[in-house]
Structures are given as structure tokens and as C-alpha cells.
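The primary structure of each chain is shown beneath.
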Amino acid sequence: MSDPYPNTIAAIGKALATGECSSVEITEHYLQRASAFDGALNSFITLCAQEAIEAAKRADEIIAKRQHHALTGVPYAAKDIFCTEGIKTSCASKMLSDFVAPYDASVIKKLRDTNAVLLGKTNMDEFAMGSTNETSYYGAARNPWDTDLVPGGSSGGSAVAVAANLAPGALGTDTGGSIRQPAAFCGVSGLKPTYGRVSRYGMIAFASSLDQGGPMARTAEDLALLLNEIAGFDKRDSTSARREPEDFAHSLEESISGKTIGLPDAFFDDSLDASIRTIVEHAIEVFKQAGARVCSVEMPNLKLSIPAYYVIAPAEASSNLSRYDGVRFGYRCDNPADLEDLYCRSRAEGFGEEVKRRILVGTYALSSGYYDAYYLKAQKVRRLIQQDFKHAFESVDLIAGPTAPSPAFPLGQDWEDPVALYLADIYTCALNLAGLPGASIPAGFCAGLPVGLQLIGNYFEEAAILNFAHIFQKDTDWHLATPPGFG
């Protein structure tokens with residue numbers, strides 16, 4: 001199916017504003033592509049065709065009156081972890097397979113207020129727990145570069161939808177790399193904002209001190225346009241940061257000459273595929289040619305991020321998921337013998353294996369006699385990792401490195417070895433522990449598969465990250481590549 005319409009948010013916005021196409025036309029185009037291609041990709045859990053067309057008609061009326069915003073009439077997709085009023089929000093779990101939220105998450109409401117058009121809810125790892133999208137109750141999403149490979153997770157469906165041109169942009173969430181790693185595997189751009197930059201209200205919780213919503217799209221410019229609308233203080237979220245509104249697209253074109261990029265030794269260890277190391281090194285050369293300086297930075301505690309993360313995240317998950325008990329909402333087992341049977345069977349039948357594994361690990365880490373040995377020690381390590389980043393940013397403007405240690409790997413690989421799967425997040429989860437912003441952008445190909453470059457900024461320095469990413473994308477065309485058959 002040929003694509004007569006632009007496939008970036010910025011280009012679609014301009015086409016709508018100048019009357020080159022209508023929102024109804026572009027929305028119908030993406031819905032048709034989703035119907036044609038998603039059977040093979042499984043990137044959507046729910047397509048909202050009727051609601052999307054109605055929203056597009058309203059957007060066209062607003063555009064005709066010249067009362068539109070940058071995203072008015074622009075289609076997008078949202079990870080099925082964001083509550084959407086009147087539309088199923090399942091978190092890719094049997095536990096919530098029939099749940100229809102009575103309200104919108106803050107980010108959904110913000111986009112609805114701009115009259116952007118929601119195409120549907122995308123597939124994900126169950127309750128965002130996974131790095132491959134294989135824990136979804138609805139089956140794994142598939143990488144459009146090779147449908148036998150994982151798309152990454154947990155925001156795999158959003159990455160697939162953007163990569164395959166089923167949506168020009170999407171929302172994801174990132175708890176330990178869940179925006180950046182699938183962006184790398186699928187060859188798109190993804191941004192994890194600073195913790196607190198984007199409201200978590202209405203975003204179903206996995207690990208509350210780590211979770212952060214963010215945008216996924218083809219270009220850094222598109223990430224900036226989405227972030228402009230979803231960022232901001234929200235009084236309904238106690239962790240929301242009070243920050244003045246910011247135009248993240250304003251500084252995209254600024255020169256990076258004289259800026260310093262730090263390369264942590266821990267990001268270039270034996271875990272890194274040699275081909276990816278070469279691609280990242282070539283990407284750094286692009287910045288050097290633009291006038292940036294490069295230096296090595298010592299961050300000795302980064303190697304502890306995986307063990308710290310996989311104590312803290314399951315501990316918070318065990319607490320957050322205790323509300324799913326078969327009583328108040330969610331899945332309820334049939335014919336329980338008594339209250340204890342109701343609790344036990346509803347949770348055993350409603351949760352998948354990976355979710356149950358993490359609940360058990362987290363409960364153990366928080367239990368009497370083990371709290372100090374595991375959870376408290378992990379929090380101390382978390383502080384050391386934060387201090388490593390703090391010291392690094394005293395001498396550099398940005399930190400760069402690989403997003404993942406390898407390109408996308410086959411579905412089912414290492415499924416019997418959860419620890420091997422956890423290592424897919426080895427270069428990403430430290431940012432969540434520290435609360436820092438980071439992005440992954442396409443930087444090349446390894447054996448025909450996309451490779452991501454990770455860019456990390458200081459707190460609330462998303463504009464700087466997007467500036468570097470945009471400069472890179474002006475000098476390269478990796479972000480323009482489309483999987484064969486999905487052009």
C-alpha cells in the first residue's frame with residue numbers, strides 16, 4: 001500500500017494547516033494501513049476507528065476556523081497503559097481485559113484538548129513488565145523489520161506502529177528503558193522525559209518512582225511537538241514537577257559547537273555487541289564534525305543498575321498491584337469458595353507469569369528480615385548512581401552511548417531465562433533510577449536491523465537532548481528508513 005501522505009507529525013501538521021489534506025483523509029489513511037498490516041504485526045490492542053473519524057471531523061472544523069494547535073487533526077496512538085474515557089484500557093492483561101476507564105489520563109486529555117486524533121491503544125508487555133512485548137495477554141507485537149524478532153518492550157506496540165507507518169507518533173511509558181529500547185529495536189525515535197516532567201495521573205502504575213510517560217515518533221522534531229503538549233504540572237499527580245511551560249522545538253537548530261559529550265566506560269563494556277560499538281562510535285563522529293567535544297567519564301556504579309532496578313521495581317510493583325484482588329475492579333474468578341479463594345484464584349488466573357514473578361520477588365524484598373538486605377541496599381545503590389550522573393554533568397553537557405547491547409533478537413529467545421532478558425535494559429535503567437531524561441534515535445544498521453543511539457541529559461534538559469538529536473538527524477538519514485513492505 002503506497003503512502004501518499006507525509007509520515008511525520010510536523011509535515012502532517014503543515015499539510016493540514018495549508019489545506020493539502022484534511023484530518024479525515026489522513027485519519028482514514030492510517031486506519032486503513034492499520035487494518036491492512038496489523039494482522040501481521042499485532043501492534044494495536046484496540047483500534048478506535050469510529051471515535052477517530054468523529055474526532056477528525058471536529059478537528060477539520062477547527063482548522064477551517066483557523067483556531068487550531070500544532071497537533072490539531074494529527075493522528076497518534078497511545079500505549080494501552082493510559083486510561084481513556086469510554087475506551088478499553090487493559091494494560092495487556094487478562095486482569096483488566098474488560099476495563100473501560102471512566103476518565104482520561106492527563107496526557108490523553110491534554111492531546112484531546114488540542115484535538116489530536118487517537119487512532120487506538122497499542123500492545124505492550126503486561127503491566128509494562130517485560131523487555132520484549134512477549135508477556136502481553138494478547139500475544140506479542142512483532143518487529144516490522146523482521147516479524148520473527150521482538151520489537152522490544154514494554155512499549156513495543158507503540159514503536160511498531162510508528163516504524164510501520166501505522167501512526168505518525170505514539171505515547172509510551174518508560175520504567176527501565178521501555179520507550180528507548182523498543183525505539184532502538186524498531187528504528188524510531190523515543191524520549192523518556194525527566195521524572196515529573198509529564199503527569200502520571202491516569203497512567204496505570206507499575207513502579208511509581210520509576211514510571212514516566214513520553215513520546216515516540218520518527219524525528220526529534222516530532223518528539224518536541226508531542227512533548228510540548230503532554231508536559232506540564234498536574235495537581236492531581238503528587239510527583240508532578242512545577243515547571244514553567246517550555247517550547248521544546250525552539251532550540252532544535254542551535255549549534256552544538258563547543259558542547260561536550262561524555263562517554264561512560266560502563267556503556268562500552270564486554271556486554272556490547274562489537275558491531276553496535278562501531279555504529280555508536282561513527283555516530284559520535286557526527287557530533288564531533290558539528291563542533292562538539294568528546295571525553296570519557298567515570299561512572300563506576302552504573303554496573304549496579306540492573307540488580308538495583310530489579311529489586312526496587314518489583315518491590316513497588318508488589319505494592320501497586322495489590323489492588324487487583326477480584327473485589328473492586330478487574331478480573332474476578334468464577335464461583336469462589338470463600339474470600340481467600342476469591343483473592344488467590346483471581347490473582348493467579350488474572351496475572352501472567354512475569355507479573356506474578358515480579359510480585360513475588362518484590363514481596364520477598366520487602367518482607368521482614370529481608371528489607372534491609374535487599375530493598376534498603378538497592379535504594380542506597382540508587383543514590384550512588386544518581387551521584388555518578390551528578391558528577392558527570394559537572395564536566396559534560398550530554399552523555400551518549402548505545403541504547404541496547406544488541407539489535408532485536410528472535411521471539412522466544414531466552415524466554416526460560418528471565419535474567420538474560422533483563423540484561424536487555426543494561427544501558428537504560430540507570431536513567432530511571434536517577435530520574436534523568438534520555439532519548440534513543442536511529443543511528444545505523446547491524447545485519448539489516450536498526451541500532452539506537454542513546455542521548456542522556458541533565459534534569460529537565462530535554463530541549464538539549466532534542467537539539468543534539470535534531471542536529472544528528474539533519475546530517476544522517478537513518479530515521480527516514482522504513483521496513484521493507486511498509487513504505
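Reference entry: report on the structure contained in this document. Here the structure is a predicted model, which is why all the values come from computation and not from measurement.

Before going further, it helps to examine the pairing of strand β10 (residues 438-446). For β10, the buried fraction is high: 8 of the 9 residues fall into the buried class. Bridge count for strand β5 (residues 189-192) against β10 is 3 bridges, and the pairing is antiparallel. The residue of β10 that forms the bridge with G190 is S440. In textbook terms, the turn of a hairpin is the stretch between consecutive antiparallel strands, and for β10 and strand β11 (residues 449-456) this stretch comprises 2 residues, one of which, A447, has a positive phi near 55 degrees.

Turning our attention to the side chain of T175. Assignment of secondary structure puts T175 in the loop between β4 (169-174) and α6 (180-186). With relative accessibility at 1%, the residue T175 sits in the buried group. Reaching out from T175, the side chain makes a polar contact with the side chain of D211 at a distance of 2.6 Å. Filtering out sequence-adjacent residues up to four positions away, T175 remains in contact with F206, A207, L210, D211, Y309 and N432.

Summed over the entire model, instances satisfying the criterion amount to 15 salt bridges. Residue D234 is joined to R236 by a salt bridge in which the shortest nitrogen-to-oxygen separation is 3.2 Å. Residue D234 is classed as buried on the basis of its relative accessible area of 7%. Between R358 and E354 there is a salt bridge, and its shortest N-O distance comes to 2.7 Å. One end of the pair, R358, and the other, E354, are both in helix α11 (residues 353-366), 4 residues apart, so they sit about a helical turn from each other. One exposure class covers both R358 and E354, and it is buried. Residues participating in the shared-partner salt-bridge network are R197, E246 and E462.

Conventions we followed
Residues numbered from 1 in each chain as written. Predicted model: local features only at pLDDT ≥ 70, side-chain atom pairs only at ≥ 80, totals over all residues. Heavy atoms only, no water. Buried < 20%, exposed > 50% of the residue type's maximum accessible area, 1.4 Å probe, protein only. Helix = DSSP H or I, 4+ residues; strand = E, 2+ residues; numbered from the N terminus. Pairing = 2+ DSSP bridges. Polar contact = N/O pair within 3.5 Å; in protein donor to acceptor, adjacent residues only side chain to side chain. Contact = heavy atoms within 4.5 Å. Salt bridge = Lys/Arg side-chain N within 4 Å of Asp/Glu carboxyl O.

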